[in-house]
Every structure is written in C-alpha cells, then in structure tokens.
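Per-entry structural report
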Amino acid sequence: MVVEHRGLSEINGSLVVLEGIKNPMNEEMVSLELEDGTVRTGRIVAIEGDKAVVQVFEGTRGLSMVNTRTILKGKPMEMKLSEEILGRVFDGLGRPIDDLGEVFPKERKNVNGEPINPVSREYPKNFIQTGISSIDCLTTLIRGQKLPIFSGSGMKHNELAVQIVRQASIADDDDFAIVFAAMGVKNDVAEYFRSSFEDANVMSRVVMFLNLSNDPIIERIITPRCALTAAEYLAYTLGKHILVILTDMTSYCEALREFSSSKGEIPGRKGYPGYLYSDLATLYERAGILKNAKGSVTQIPILTMPNDDITHPIPDLTGYITEGQVVLDRGLDTKGIYPPINVLPSLSRLMKDGIGAGYTREDHSALANQLFACYAKVQDAKALASVIGEDELSGDDKLIMAFGKEFEKYFVNQGETENRSIEETLDIGWKLLSMLPESQLDRIDGKLIEKYYKK
Amino acid sequence: MVGENIIYGINGPVVTIKGRTSLSMMEMVYVGSSRLVGEVIGIEAEKTTVQVYEDTVGLRPGEPVVGSGSQLCVTLGPGILSNIFDGIERPLPKLEEKTGAFIGKGINVPVLDEEKLWDVEVLVKVGDELSGGEIYAETQETALIKHKIMLSPLLSGKIVSVKQSGSYKVNDEIATLEDKKGRLHSLTLCQKWPIRIPRPVSKRLPMAKPLVTGQRIVDTLFPVAKGGAAAIPGGFGTGKTMTQHQLAKWCDADIIVYVGCGERGNEMTQALTEFSELIDPKSQRPLTDRTVLIANTSNMPVAAREASIYTGITLAEYYRDMGYHTAIMADSTSRWAEALREISGRLEEMPADEGFPAYLPSRLSEFYERAGYMNVLSGAEGSVTIIGAVSPQGSDFSEPVTQNTKRFTRCFWALDKALAYARHYPAINWNNSYSEYVKGLEAWYHDNVHADFIRYREEICSILFEESSLMEIVKLIGADVLPDDQKLTIEIARVIRVGFLQQNAFHKEDTYVSLEKQFKMMKAILHLYHKCQKIVSLQVPVSKIISTGLFDKAVKIKYDVPNDKLELLDSFVEETDSVLSSYLRKGG
C-alpha cells in the first residue's frame, strides 16, 4: 500500500514531522519528493497518533513546509541481495554508485537484522594467521571474532587493516570475501583501500559501501547496517567467510549523537545518547559463526580515539562489546615502529581457545603470557628510569630495559609486506626471552623452558 | 475486565496507549497483531505506557494491546536446570526450533517442556494440612538435583485429593487443595511467580559459612559468605567474565544461575559448551546439571535485558526455597542499569547522575537485598548469593553504578587494569578490594580448615600492605637503597603475589585449589618468610638468600604440588629449614 502525503508540519535538524498520516509503521521507509523533482529518503523513527517523526538521511536543506510530497513505502529499510553484489560499490544507503545498474535481488532483508540466538552460535575457535607477530602471538585473531583497531588520527590503522586483509584472507580459497564500509572517511582513504584491494587482486570479491566525509551524515547510521546485512547474506546464505572492515566508527557514533540531539533525547556521557551501547551492540554482535551454516562473519572495526583517549565513550563502549581490541600507540608510531601496536592494552578474548597444540603450537599460550608479563615490567623500569636515570637502575632492570627495546624492534616492528608464519613469530619470542635469566620466566612450565629456552 | 486498547504512539521499545485503560501497573501485555510481549510501566489519566520486550520495527498505531491479567511472571517447575532462557524466560533452544538461528518476534513457546514425563514421588496424603512453601512432591530433575515441588507461598489449606506417585507432565494435576474459604486449587508440578516480588521466607539467618570457590584470592583474602552479595567491578579486558565463569564452575553452591545481561553472544555460547564439558569433581556429572543460563545478549531487546536480572534472581530464590544453596552471577549489572537509563530516557523522566534515573540506587538495593541465608518456608535452610559484575564506564569507579553497588554489597573485588595488562589473573587488586564477611566467617575457618587460618590471612594482608607503601619509595629511588629487611618484605610479597594470588585458570592443578592446599601454601610461604627474617637479622644480605632459589621455588609450588599430594608442601617446609640452617648457624 502506497500512501502519499503533502507538506510537513515541522522541520528540525535532520528530522521532519508529518501530521495526519494514515496508518504509519514504526521504522517504515518514506521517500520525500521535492518540487524540483529530487527525491530524498527517510525513515519513521517515532509515532504519536497520526503524527510521525521522520529522519531524512540526506538532510533537510531546502525542505519547506509546503514543497514536499511524502510517500510511505509500507516496509522497513531493506537491502537488495544476490551474489551479484560482489565486486560492486554502493553508497551509504546501499544504492549502487558504480554505474553498473541496479542489483537484481534474489532476496530482500531488513537492514536492522535480527539477533542471533546464542544457542545457534558456534563458539569461534579457528585461528586466522595474519602474518603480523604482535597480532598472531599476542592478540590472536579468530574466525568469527570482532576485533577492533583502536587508533588515533594520523596513525597507520589503514595500512594495518589492509595488511591483515592481504595476508589473512588471500591465503584462503575462493570462499572468502570482504565487505568494506566507509563512514565519514576522506575520499583518498577510501581510494587507498580500493587500490590496495585491486593490487592484491581481490576487487572482484569486495563489496564496498561508501559514505564519505562529504556525504550526508545521517546516512552514516544506515551504512554499517547495509554492510552487515550484505555480509550476513554472503556468509550464511552463500557460505562464504567474510571479513568486514568498518571505518571509522567514531564518525558513526558522532552521526548518532547528532541525530539523537536533534530528536531532543536526554544525553548520556559526552552528549552521546544513553543507548549508544545497545546501538553499537546491534552492529558488533552481528559477527559470528552459526552452527548450521558454512560461512562466518569476522569484523575489524576501526575507530580513531578522540585525543588518543581510551576512556572516551566510543572506544570504552566498543571494548565492552567486542572480543578484545588492538590498540595503536602514538609513542611507538613516532619512534617509527610499524605496526605501532601497544601490546599491553591489546587483547583477544577468543585467543585462549584457538591457540596451543593442535591450533598453533603448544608453547603459544605460555610464551604469550610471559611476553606480556615481561613487557609490563619494562614499563615499570621505564617509569623508574625516568626518575632516577637509566644508569642508576639495578642489573635486573637494565636487562629488562634492553629486552623492551629489542622486543619493540624485532617483535612488534615488521615490514608492511612482511608475512611471518606463526612458527617464526613464536621463535622470535623465545629468542627475546633468552635475553633474560631463567628465574624471570615465572609464567612458563619447566618442560617448555627445557624445550625452547635458549634453543 | 480486559478492554480493547489501541496503540497510539511508538518510540523505540516504548509504546503508549491513549485514553483510560483497565490495565494495571506492571501488568504483562501482548502488543500489536504479532503479540509482542510487553509490560505496563506507567499509567496517567489519558495515557498508558508500555515497554516492549521485543523489537518494535513494523508496529503500527491502531494495533491492539491485550492485557494478560497478571504481572510479568516466571514459570517455576522441573526442567529449568540445564536449560538456557532469554530475559523473559523463553527457552532459547525452543525458539531456535521455531525461527532458526535468528530470533524472530512474537513467538510464544511454553517455558518448560510440556510433554516430558517426570518420575514424581508424591509426599502428601488426603487430609494433610499444607501451608505455603511446603513440599508436596519431588522428582529427580537432574542426576545432581532433586526438585522439590512446593505449594505456592500464597496458598495454604487441606489436601482433598491426591494421585499416586508415578510419571506426570508438568501441567498434570497431582493433588487438589482446599483453602480456608473452601476454594479448590489444582496442584501441578509447576507454579508461577511475579519476577519483581521477592519470594517470602520465614526468617533471615546470620551468614556464617563461606562460599568456597577454590580461588585463592577470594577464599583467603576476600571471602564471600553464602547468602552474601559481592561486586566485581572492572573496565573492559580486566577479566570480569573470566572471574565469573571461574566462580560459576568451581564454587560450592548447589545451583548456579548465570545471567548474561547485555553481554556478548559468543560468551554465552562459550559458557554453554564449557559447562557441559566440565565435570563436577564431587558428583562426576556435567556442570550443566546444576546450572541455568539466562542469556539476554547486548543486541537482544533492551527491555528484556532489564527483566533478565529479576528472572534470574527469582529462579535462584525458587531453588533456595527447596533448601539449596544457590549462587547467581549477573554479568553485568551495568548493562542492566543502562537499560533502566534507556527506558527512563524514553519516558522523558528527569535524569540524575550521568543520565541514570533517580531510582537507580533503590532498584540496586532491592536487587541485592534479595540475597541472604534464609530459613525457608518449608523449614529447611537455603541461601542466595549474588555476585554482580559491574562495568564502569572508562574504568572509573566513581561512576554511579559502581558507587551505588558498593553501598549495597559487602564484598568488593576490584579488578585492576595494570594487573590485567601484566596478565596477572585474577586481576583483583588487593589494595582496593575488601570483604566485610571475614569477621562472621572466622569461626567457620577455625573449625573447618585450621585454627591458624585467619592469623595467616592477616599476616599475608599486612605484608601486601607494607609492600604497597614500600613500592611508593621504590618508585622514587629504586629498590637497591632499601635496607635488607625491607628488601625481604618486597621479595616475599612478590612470592605471595605471583605464587599465591595469581592463579592460572587454564592449568589443571591450579584452576581449583582446596582450602587445605591454600592453607598449606600460606603456611609454607610464611614459614620461609619467618626463617629469612631471622637470617636477615643476623646481617646476612637478602641477595644471598635469594641465590638459594627458595623464593623461585616457592613461586612455583602452586604448579609443582598436585592437589592430591599436599604432603609435598610439608616437604617444602623441611627443605626450607635444611637449606637455610647453614645461614642460621653461620650468622649465629
């Protein structure tokens, strides 16, 4: 049923209010046609009697009380899906922008998705080798995991994401694909990703959703949902292993804040809406593996921490939902270490079940623990050295400082195209531990020490 | 009378009805033509507000809202254990059968398996007088747990007819009760109870028994009593969920209710698989036999998240009423508080601290007050212990949820980021944590573990405290300049931290440690300390003692001494004596 409606009764930010609407539906799509013939898309976000509040994705510039005709579409926001979407480029609302025409849909799905029944989930256990030592050894990526990169402006998160894509997925067979969603990133960043995918010869397996920094802001709220709907379709209907890259989540959250404040909602911390956690969860929780389906959805969201502050609501809430995080560090970055991963706050919650004998190597878990413990001591020694000077440190502390330097130089640091196998990575770890006396290795079982220490 | 009510407005999970309605406050309602479950949360002269426990996409004004005539209730009966429910007690495996891997909307499935036959032993006969909470039948629910079927606490009267013991389904009538007014009530295997009302008990008892968890830092330093309430606050990645899982696996409660409230889906899957693989050491049965999971993950509807905590505690109280010791793990209460905030915001209520509603503290205290060691209506003793995780925003413990939780719990296990970064697990910070239950439990430890247990515990605490003040100095000038006796304190504190407090959940011998081993480990470490103190007082430098390797050995006794060979700890004490005797002689 298509209902047409003339005029608006209120305009506020990205929201318009329609009055006298017959039978609207919560979250129904509407299209607003201006007198000059241009069409905008919107969504009903609240209803009171015959009044409906509509969120206009393209913004309300140029709208007036009288110059629009509104058509209710009678259905919520849907995404057209078929295997043809591979290799295509869409805008932030899932409309093709690559001049290859409309997608002929085999299926249409509500972009909001539905929560996965925890009973139907398969607990993720398969290790993905990224070839990056600090990730493989210390924050292992697992298929079906959501592992965000916490970065700051100007750091090399894009390069890191591309390296993960290149080294992780491409080793795989035909069954993998990439879904890339850009939210409020600059055109050249999107271009960097596109050309990197092309260089790696995977463009035909990439679906891109682009909402660039000059695109309508409210559209950003839909962009990741379109991308994840596409990812779920490819994974669970077509049985592919999907790597989803969402960048930049900070822009997404800011769009949400803008929308929330124009709706007049009571703000939570730093003006972000009180439901930011629940909202982010509806995105991140769409990663996973199902028991009865072949594919998987692995997410790597990228977010830039405002002012490098990890306690800012966006990284904070993200960390509470995702299964760990990879944290980039400004200090390492300025030292020229790539990837500038600060391993101490970085974490992979799923790693404990996906490593060890049968997955990677028996010593992996103990070694990782020991490296963490030793590197944590490096920080203590550094703090002490900054007060009393490096020369005054005790012998043990000097040793640990030396270990720290080597660890950053040989373990964390690696080339942008260097692809280390997990064995190589673990061996480097043991080599570094060999700098320290055996008595310092309090996290490792005697048997493993015998087998690997100073070998 | 339940009249026809029509949806007027929709805002996220909140739906309003215009006009006067006959709905009552907190009544459960079915919203819309797809019959979504909701609850009445506000009634004004011209407007009734309903929160909906399912996604409201696609709802239209004009669709009906139908009252159910009762408050949001849970069904209590055999078949709850080893099951997994969502926040309003819908069994997730059944939902999966109906709608597949993704949870659909408006599905109505029976809470308990209505077809399953239970072997019921009827315990009453015609003419028996029963009062509320008394047991009239029982059945073996799982190999571990005998399910006692009790009269609803609101009923009492005389049994007028009764069936023989045998196989029955949950809804079969096995007896009839006539109350004082002569009304007949049919007694089946199950009953209903509104989730927001605590189940009545006859008396609260003092808490004098610890919940033994096998985790050294908990049992020894900060024990929680059976019937107590504990909070685990910690930023992300500090191991809240890991600690909760460890407690759920190893604590000596009879029944575990694990509420995943607004947390990750994969974590619930993990709990589900891990608990079914783990074998309870006492009974050789999988842990699922004594566990109920309530999973309302972060992407499931927010209103149901608010209800999940109450659903969980009601189930725990029900098993308590049978005379069991139950423990409920709520992970995380912050998500529940956020659900309150979200709904409060939609209702346009005046916010208090950080946007949380002003009634946050009273809701929290109501919840934690449902813990306790009770004399239940049937005369037995049972307890509900609450262990609530708190996820403070930005790891800042001064935020409202943490602060208010602190007021209503008497045991506080503060998780620490720095410890977690160094992979020191459990990352419970010994300087910020406390337990007010220690005093009440002293007698128990004295009688059941060892007379010296509490004395050793206090000494360990004071060493750790002394270390933390010494560390202030070390941070400024380095450890080298300290006198030898203080160096010894730092060294022994390291042994305590790494060798005793740190516990490896993935190590076969270390994941669960009996109280006896905990005691003997303390004894061994303190024995070493006292010997060394003597030697140091004879002017022997600490570095000499360290070079004997005794400290490193003490750090590793947790791995080196298997749980069934505790005598090795005694031999460590002897070894200490013999290694150090030469120094004592030389010095003397």
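Residues numbered from 1 in each chain as written. Chains lettered and ligands numbered in written order. Predicted model: local features only at pLDDT ≥ 70, side-chain atom pairs only at ≥ 80, totals over all residues. Heavy atoms only, no water.

Attention now moves to the overall build of chain A. Counting secondary structure elements, chain A contains 13 helices and 18 strands. A compact globule built from 455 residues would reach a C-alpha radius of gyration of about 23 Å, and chain A, at 25 Å, matches this within 12%. Taken along the three principal axes of its C-alpha coordinates, chain A extends 80 × 50 × 40 Å. Expressed as a percentage of its 455 residues, the buried residues of chain A come to 62%. In the form shown here, chain A has an accessible surface area of approximately 16,500 Å², with 47% of it arising from carbon and sulfur atoms. Taken as two groups, the 51 positive and 66 negative side-chain charges of chain A have centres that lie 2 Å from each other. (Helix = DSSP H or I, 4+ residues; strand = E, 2+ residues; numbered from the N terminus. Rg over C-alpha atoms; globule rule 2.2 N^0.38 Å. Buried < 20%, exposed > 50% of the residue type's maximum accessible area, 1.4 Å probe, protein only. Areas by Shrake-Rupley, 256 points an atom, 1.4 Å probe, with all protein chains shown as cover. Lys, Arg positive; Asp, Glu negative; His and termini not counted. Charge placed at Lys NZ, Arg CZ, Asp CG, Glu CD.)

All right, on to the overall build of chain B then. Within chain B, the regular secondary structure consists of 16 helices and 26 strands. Over its C-alpha trace chain B gives a radius of gyration of 28 Å, about what one expects of a compact globule, namely 25 Å for 588 residues. Along the three orthogonal principal directions, the C-alpha set of chain B runs to about 95 × 55 × 40 Å. Per-residue burial over chain B gives 60% buried out of 588 residues.

Moving on, we get to the sheet that holds strand β15 (residues 175-178) of chain B. Two strands in a sheet stick together by hydrogen bonds in their backbones, pointing the same way (parallel) or opposite ways (antiparallel). With antiparallel pairing, 4 strands are arranged side by side in an open sheet as β10-β13-β15-β16 (chain B). Because the sheet does not close on itself, it has two edges, and the strands there are β10 (129-130) and β16 (184-187) of chain B. (Pairing = 2+ DSSP bridges.)

All names here are of chain B. Counting buried residues along strand β3 (residues 27-31), 5 of its 5 residues qualify, which places the element largely inside the surrounding structure. Side chains Glu27, Val29 and Val31 project from β3 onto one buried face, and the interleaved Met28 and Tyr30 project onto a second face that is buried too. Where β3 meets strand β4 (residues 36-43), 4 bridges bridge the pair, whose relative direction is antiparallel. Bridge pairing links Met28 to Glu39 in β4. The turn linking β3 back onto β4 is made up of 4 residues, and Gly32 within it adopts a positive phi angle of 80°.

Taken residue by residue, the interface counts 77 residues in chain A and 79 residues in chain B. Summing both partners gives a buried area of about 6,200 Å² for chain A against chain B, and 54% of it is carried by carbon and sulfur. Counting across the interface, chain A meets chain B through 0 salt bridges. Taken together, chain A and chain B are joined by 29 residue pairs in polar contact (both at pLDDT 80 or more). For the side of chain A that touches chain B, the element with the highest residue contribution is helix α10 (residues 364-388) of chain A, accounting for 7 residues. (Contact = heavy atoms within 4.5 Å. Buried area = accessible area lost by both parts, 1.4 Å probe. Salt bridge = Lys/Arg side-chain N within 4 Å of Asp/Glu carboxyl O. Polar contact = N/O pair within 3.5 Å; in protein donor to acceptor, adjacent residues only side chain to side chain.)

This part is about the pairing of strand β24 (residues 381-390) of chain B. Residue and element names in this part refer to chain B. Counting buried positions over the 10 residues of β24 gives 9, a clear majority of the element. Two strands pair when backbone bridges link them, and strand β19 (residues 229-233) and β24 are joined in this way by 5 bridges, in the parallel orientation. Note that in β24 the partner of Ala229 across the bridge is Ile386. Sheet analysis places strand β22 (residues 325-331) next to β24, joined by 6 bridges and oriented parallel. By the bridge assignment for β24, Thr326 is matched with Val384. Two elements, strand β23 (residues 372-375) and β24, share 4 bridges in a ladder whose sense is antiparallel. Looking at the pairing, Met374 lines up with Gly382 of β24. Counting the residues between successive antiparallel strands, the hairpin from β23 to β24 contains 5 residues, one of them, Gly379, with a positive phi of roughly 100°.

The subject of this paragraph is the sheet that holds strand β14 (residues 166-168) of chain B. All names here are of chain B. Pairing is antiparallel in the open sheet, where 4 strands are placed in the order β12-β11-β9-β14. Two strands lie at the open edges of the sheet, namely β12 (146-150) and β14, each paired on one side alone. Adjacent strand axes in the sheet meet at a mean angle of 40° when their direction is disregarded. In this sheet, strand β11 (residues 135-140) lies alongside strand β9 (residues 118-122) in antiparallel orientation, the contact comprising 3 bridges. Opposite Val122, over in β11, you have Ala137 as the bridge partner. (Axes fitted to C-alpha atoms, helices over the stretch in contact; angles between N-to-C directions.)

Attention now goes to the domain arrangement of chain A. Residue and element names in this part refer to chain A. Splitting chain A by domain gives domain 1 (3-75), domain 2 (79-353) and domain 3 (364-452). When each unit is reduced to the centre of its C-alpha atoms, the spacing between domain 1 and domain 2 is 31 Å. Taken together, the contact between domain 1 and domain 2 spans 13 residues of the former and 12 residues of the latter. Surface buried jointly by domain 1 and domain 2 totals about 1,000 Å² across both partners, of which 57% is contributed by carbon and sulfur atoms. Linking domain 1 with domain 2 are 1 salt bridge. Glu58 is the salt-bridge partner of Arg95, the closest N and O atoms lying 3.4 Å from each other. (Domains from an automatic or database assignment.)

The subject of this paragraph is a nonpolar patch on the surface. On the surface, a nonpolar cluster with roughly 440 Å² of combined accessible area is contributed by A:Val387, B:Ile473, B:Leu476, B:Ile477 and B:Val481. In terms of residue count, the dominant contributor to the nonpolar patch is helix α11 (residues 453-477) of chain B (3 residues). Within the element layout of this structure, B:Ile477 appears in helix α11. Judged by its relative accessible area of 43%, B:Ile477 is partly exposed. (Patch = residues over 30% accessible without salt bridge, like charges linked within 9 Å, V, L, I, M, F, W, Y side chains within 5 Å.)

As a further point, take the side chain of A:Ser133. All names here are of chain A. Structurally, Ser133 can be placed in helix α1 (residues 133-138). Residue class for Ser133 comes out buried when judged on its relative accessible area of 0%. Look past the residues within four positions of Ser133 in its chain and what remains in contact with it is Leu138, Phe411, Gln414, Arg420 and Thr425.

Here the focus is the packing of aromatic side chains. Residues and elements named next belong to chain B. Under the counting rule described, the total for this entry stands at 24 aromatic pairs over all chains. Note on Phe367 and Tyr368: the rings are 5.1 Å apart at their centroids and 65° apart in plane angle, and the pair reads as edge-to-face. Take Phe367 and Tyr368: they sit in the same class, and that class is buried. Centroid distance Tyr456 to Phe519: 5.4 Å. Interplanar angle 15°. Geometry classified as stacked. (Phe/Tyr/Trp six-rings, centres within 6.5 Å; stacked < 30°, edge-to-face > 60°.)

Cis geometry is adopted by the peptide bond preceding A:Pro339, which originates at A:Tyr338 and carries an omega value of -15°. Tracing the sequence through the fold places A:Pro339 in the loop between α8 (330-334) and β18 (347-348). Looking along the chain, the bond that leaves B:Asp331 and enters B:Ser332 is cis, with omega of 5°. When you line up the elements, B:Ser332 lands in the loop between β22 and α6 (333-346). With a phi close to 55°, A:Asn23 is a non-glycine residue in the positive phi region. Position of A:Asn23 relative to the elements: it lies in the loop between β3 (15-18) and β4 (28-34). Note on A:Asn23: relative accessible area 36%, which makes it partly exposed. Not every positive phi belongs to a glycine, and B:Glu354 is a case in point at roughly 50°.

On to the pattern of salt bridges, then. Per the counting criterion, the structure on display carries 58 salt bridges over all chains. For A:Arg88, the salt bridge identified is with A:Asp98, shortest N-O distance 2.9 Å. Within this pair, whereas A:Arg88 is found in the loop between β8 (78-81) and β9 (89-91), its partner A:Asp98 is found in the loop between β9 and β10 (107-110), the two being separated by 10 residues in sequence. Given the relative accessible area of 19%, A:Asp98 is considered buried. Across the pair B:Glu338 and B:Arg335 runs a salt bridge whose closest N-O atoms are separated by 3.0 Å. Of this pair, B:Glu338 and B:Arg335 both sit in helix α6, 3 residues apart, which is roughly one turn of the helix. Across the pair, exposure class does not vary: B:Glu338 and B:Arg335 are buried alike. In this structure, a network of salt bridges that share partners links the residues B:Glu263, B:Arg264, B:Glu267, B:Arg335 and B:Glu338.

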